[in-house]
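Examining the three-dimensional arrangement
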Amino acid sequence: MNTRLKILNATKFTGSSTLLIGMMILLYGIVSGFNSVIGIGVGTIVGAIFIFLMGMFFIATEEMVENTFKGIEINPINPIKSSKVVYLKR
């Protein structure tokens, strides 16, 4: 649980700070009228969303791997040998 909490906090901090910077760049580009700055701002916002989603994916993957039932290995049973062979039609 502790490692997932660390990943979650790092993801939230990195994603939120990148999102804030991207929004500031986007607003600056809109106010000043620079089209290239608007593109950089949009790209930064999309990058922040991508960082957040990847962090959530890592946390969910770690949770699923940890909670997966491992079970016991079962060896297949050999069928009983009989003189009559039955074929099933598909």
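Refer to the structure printed above.
Residues numbered from 1 in each chain as written. Predicted model: local features only at pLDDT ≥ 70, side-chain atom pairs only at ≥ 80, totals over all residues. Heavy atoms only, no water.

Notes on helix 2 (residues 35-67)
- End to end, helix 2 covers 48 Å across 33 residues, agreeing with the expected 48 Å (1.5 Å per residue, within 8%).
- Val37, Gly41, Thr44, Ile45, Ala48, Gly55 and Ile59 are the residues of helix 2 that are buried.
- Contacts made by the buried residues of helix 2 are with helix 1 (2-32). (Helix = DSSP H or I, 4+ residues; strand = E, 2+ residues; numbered from the N terminus. Expected span 1.5 Å × (residues − 1). Buried < 20%, exposed > 50% of the residue type's maximum accessible area, 1.4 Å probe, protein only. Contact = heavy atoms within 4.5 Å.)

Describing the packing of helix 1 against helix 2
- Taken N-terminus to C-terminus, the directions of helix 1 and helix 2 make an angle of 170°; their axes are 7 Å apart at the nearest point. Taken together, the axis directions place helix 1 and helix 2 in an arrangement best described as roughly antiparallel. When the axes of helix 1 and helix 2 are compared, the crossing they make is left-handed.
- Classifying every residue of the contact of helix 1 with helix 2 by side-chain character gives 18 nonpolar, ten polar and five charged. (Axes fitted to C-alpha atoms, helices over the stretch in contact; angles between N-to-C directions. Parallel < 35°, antiparallel > 145°, perpendicular 65-115°, else oblique. Left-handed = near helix turned anticlockwise from the far one by under 90°. Nonpolar A, V, L, I, M, F, W, Y, C, P; charged D, E, K, R; others polar.)

Observations concerning helix 1
- The terminal C-alpha atoms of helix 1 lie 45 Å apart, and with 31 residues this matches the ideal 45 Å at 1.5 Å per residue to within 8%.
- Gly33 sits one or two residues past helix 1 and shows a positive phi near 90°.

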